[in-house]
Each structure stands twice: as structure tokens, then as C-alpha cells.
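# Coordinate inspection notes
Read off the chains here:
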Amino acid sequence: MKKSFILLFLCLAKGWCQIHPIPTLLTKNLYQNLRNFEGKGVFLGHQDALAYGLNADGSRWIGEKDRSDIHSVSGEFPAVLGLDLGRIELGTSHNLDQVPFEDMKVHIRQTYERGGFSTISWHLNNPVNPEKTSWDHVPGTVSKILEDPEVKSRYLSWLDLVAAFLSDLKTSDGDYIPVIFRPFHEHTGSWFWWGADHCTPDEYKALWKLTVDYLFQKKKLNHILIAYSTDVFRDKAHYLERYPGDEYVDLLGVDTYHRNPPESNTAFVHKLRSMLSILDQLSTEKKKPYAITETGLEQITEKDWWSNVVVPALDGFRPSYLLLWRNGYEKHYYAPYPGQGSVADFKEVLKSGKLILSNGIQGIYR
């Protein structure tokens, strides 16, 4: 590994590069182009975009070929596809939102073939008690992963299953498809077992390093980029409190949702701009791209939300992408679908080029 660390040091010294010292060519190109596209518009993503969505009457569609709600209203697919591997650790055939893992692989290939890229989160169950979910706070879970041989062994066996999934992502030519892996997100909050109230900063960093080292060194994965994404943060120090180090992070991110409009519209824009200002500064200092890794307004109750909230929040900043959360059911959705009230405003913002879909992302792997 000594040669690999030397290559990483040289790469970090001269400029932007991903943390794996010997990435695949497609991964290297994707990472460099995330920077090259900065300032030209923000790539728009959608969680589970190809797996399910909503019809005009609010009923669900599931598993229809070549369909997405964003495509239905715009004629283009999302530039970024979001997915989640929650439950893969249990050996099930589908994730916590009932999306089959084999379908996910197909969707990742389809997104790649359209010129887009995919980002993967992991709402994993609790390794201390696998019957507990990410939201169950078994005391000391992170410390037990680090210190209890049985719990650590279970966790690493779960990483084996994640690695097997990632290793099966290949192009028609047999090349690995790059993806952004985003573990242990929203850790400035405390709703997950890895959250701020449930482990120390040092424990969180140690878990992160254990995970990345295992995937890179033990499982030999060199086609994944690693994203660090908090929930809402107060300032630069708060954002970096659990940051594991530049050598363990490829992309900086934040998850933030708009709630209680219209009274909160101005406050949400102000808060998001404040956080983007910090990420913009850190991006320059650390030579890493940044993104809004999850966001949205549930049910998009503001018809002009795209032009009156999203565009003003983004103005002057250069995040690589913005990922909307999923269109799960009639009262839980974050992207417009046919007949939804914000469609006209959404399409006008697309025309402006502020948000970019699949037709505008061509060449990101070159």
C-alpha cells in the first residue's frame, strides 16, 4: 500500500483527484468533470426515479420500463439517479422501499448509458441487533462495531454484500460503472444510530475510515467515489466536527429539506445559501466538489417553488448536483409528475438552464 499512498499524496498536492490512488478511467473522468461542469448549471437528480412514481390521479406506478416522473413532465430523465441499499445487509432481494436490487443494477446501467451518474446511500440496520433499523438507537452501536469482535465481524460481512453489489455494476463492454457512495449521512442529526447523540466524533471518524479502507483495500473497489453529507449545520466547525479527513472524502454534501412553506420560504433560502457558502469555501480549500445530496419540499405545495425558492438559493453557487427525494406515494413526493401543480414552473426553470437533466450531461465520462 506504500506506493498507493505516495500516489494519493502526489495527486492531492497537485490538484483535484479522488481519494482512491488508482481509480478506473471512467471514475477519474467523472470526478474531474464534476469540477469542469461547475458553474454551468446544477445537475438535477431524483431518488428511485426509475423504480416507481405517481400517475396524474395520484395512484402509483411501479417498475415500468423507461419511465420516470421527471421524464413524463419534461421529456428528459434525471441527470443523477439516487438509490439506497438498505436491507441488502439482510440478504433480501429488495431494499427498504421495496425496490429489487437487480432492478437497481439495471437502472444504474441505463442512467450511465444516458450519460448520467448514480449516487447510493445506505440505511443499514443496526449491527448490534439486526432486527433494529437505522432509526433504532441501540446504545453504543458505533463503539461496539469498533471494539466488539462479533459485532465488527457482522458489520464487515454486511460490507461484503455491499461490495458484491457494487462489483456487479458494469457497462456493456465490461467496464465498472462509477457511482458515488454516501454512507452514514445526516450525522449532525440524531435520528440514525450513527448520529451525533449516539457516538463521539472520534468514533464516527473511525467507523468511516474502517468502512472506506475495507471497500478500497480488502474488496479492491476502485470505481466508487465517497460522499460526506451532513444534515443542517451551523457553521464550518460544526460541518467538520466529524469529518474523517481529506484522504477519506471525495465529495462534500448536505441534506436539507424545506418545511412549513410559505412562511418559511425566506428563512429556508437564507439558511441554504449560508450552508452553500461554507461548502463553496471548503470546496476551494479542499479541492473537492460539493452537492446538495438530498432536498425537496414534500408535495411541492408552492407552485412557484422552483423559481421562487430553488433558483434564488442556488444563485451564485456551484454545487455539482441537487438530489430530490423520492416520489413514494400520493402524500410523500418531491418531484413533479403529470398534473402536479408546480409542473409549469419546473419546466420554465429547466428552460433557463439553471437545472440540468440527462440531455445536458453528455460527455461527463470523457
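Note: the structure precedes this text.
## Topic: the overall build of the protein
Each helix and strand counted, the protein has 11 helices and 11 strands in total. A globule of 366 residues ought to have a C-alpha radius of gyration of about 21 Å, and the protein, at 19 Å, matches this closely. In terms of principal-axis extent, the alpha carbons of the protein reach across some 55 × 45 × 45 Å. Relative to its 366 residues, the protein shows a buried fraction of 59%. Considering only intrachain contacts with a sequence separation of at least 6, the fraction spanning at least 24 residues in the protein is 74%. For the protein, the accessible surface area stands at approximately 14,700 Å², while carbon and sulfur atoms represent 49% of it. For the protein, the separation between the mean place of its 41 positive charges and that of its 45 negative charges on side chains is 6 Å.

## Observations regarding the pairing of strand 8 (residues 251–258)
Within strand 8, eight of the eight residues are buried, leaving the element largely enclosed by the surrounding structure. Burial along strand 8 is two-sided: Leu251, Gly253, Asp255 and Tyr257 facing one way and Leu252, Val254, Thr256 and His258 facing the other are all buried. Strand direction decides the pairing type here: strand 7 (residues 224–230) and strand 8, joined by four bridges, are parallel. Bridging from a neighbouring strand, Ala227 pairs with Leu251 of strand 8. The pairing of strand 8 with strand 9 (residues 290–297) spans seven bridges and is classified as parallel. Looking at the pairing, Leu252 lines up with Tyr290 of strand 9. On the question of chirality, the crossover connecting strand 8 to the parallel strand 9 by way of helix 9 (residues 265–286) is right-handed.

## Re unusual backbone geometry
The omega angle of the peptide bond from Pro261 to Pro262 is -5 degrees, so this bond is cis rather than trans. Tracing the sequence through the fold places Pro262 in the loop between strand 8 and helix 9. Non-glycine residue Arg87 carries a positive phi angle of around 90 degrees. Within the element layout of this structure, Arg87 appears in the loop between strand 4 (80–84) and helix 4 (101–113).

## Remarks on the pattern of salt bridges
Applying the stated criterion across every chain, the model contains 15 salt bridges. The shortest N-O distance in the salt bridge between Asp160 and Lys219 comes to 3.3 Å. Of the two residues, Asp160 is situated in helix 6 (residues 149–167) and Lys219 in the loop between helix 7 (201–218) and strand 7; the sequence distance between them amounts to 59 residues. On the basis of relative accessibility, which here comes to 29%, the residue Lys219 falls in the partly exposed class. The closest approach of N and O atoms between Lys236 and Glu285, which form a salt bridge, is 3.1 Å. Residue Lys236 is found in helix 8 (residues 236–240), and its partner Glu285 is found in helix 9; the two are separated by 49 residues along the sequence. Of the residues examined, Glu285 reaches a relative accessible area of 43% and is grouped as partly exposed.

## Some points on the environment of Thr301
Following the sequence through the fold, Thr301 ends up in the loop between strand 9 and helix 10 (305–314). Taking the C-alpha atoms as reference points, Thr301 and Ser134, 167 residues apart in sequence, are found 29 Å from one another.

## Points about the pairing of strand 6 (residues 179–182)
The two faces of strand 6 match: Val179 and Phe181 on one face and Ile180 and Arg182 on the other face are all buried. As paired strands, strand 6 and strand 7 are joined by three bridges and run parallel to one another. Each residue of the ladder has a partner; that of Val179, found in strand 7, is Ile224. Once you follow strand 6 into helix 7 and on to strand 7, the crossover reads as right-handed.

## Remarks on the packing of helix 9 against helix 10
It is the contact of helix 9 with helix 10, at a shortest axis distance of 9 Å, that shows an interaxial angle of 25 degrees. On the basis of the axis angle, helix 9 is roughly parallel to helix 10. As for how helix 9 packs across helix 10, the hand of that crossing is right-handed. Contact residues: helix 9 offers Asn265, Phe268, Val269, Leu272, Arg273 and Leu276, while helix 10 offers Asn308, Val309, Pro312, Ala313 and Leu314. Broken down by class, the residue content of the contact of helix 9 with helix 10 amounts to eight nonpolar, two polar and one charged.

Cut-off values and rules
Residues numbered from 1 in each chain as written. Predicted model: local features only at pLDDT ≥ 70, side-chain atom pairs only at ≥ 80, totals over all residues. Heavy atoms only, no water. Helix = DSSP H or I, 4+ residues; strand = E, 2+ residues; numbered from the N terminus. Rg over C-alpha atoms; globule rule 2.2 N^0.38 Å. Buried < 20%, exposed > 50% of the residue type's maximum accessible area, 1.4 Å probe, protein only. Contact = heavy atoms within 4.5 Å. Areas by Shrake-Rupley, 256 points an atom, 1.4 Å probe, with all protein chains shown as cover. Lys, Arg positive; Asp, Glu negative; His and termini not counted. Charge placed at Lys NZ, Arg CZ, Asp CG, Glu CD. Pairing = 2+ DSSP bridges. Right-handed = clockwise from strand over helix to strand, strands pointing away. Salt bridge = Lys/Arg side-chain N within 4 Å of Asp/Glu carboxyl O. Axes fitted to C-alpha atoms, helices over the stretch in contact; angles between N-to-C directions. Parallel < 35°, antiparallel > 145°, perpendicular 65-115°, else oblique. Left-handed = near helix turned anticlockwise from the far one by under 90°. Nonpolar A, V, L, I, M, F, W, Y, C, P; charged D, E, K, R; others polar.

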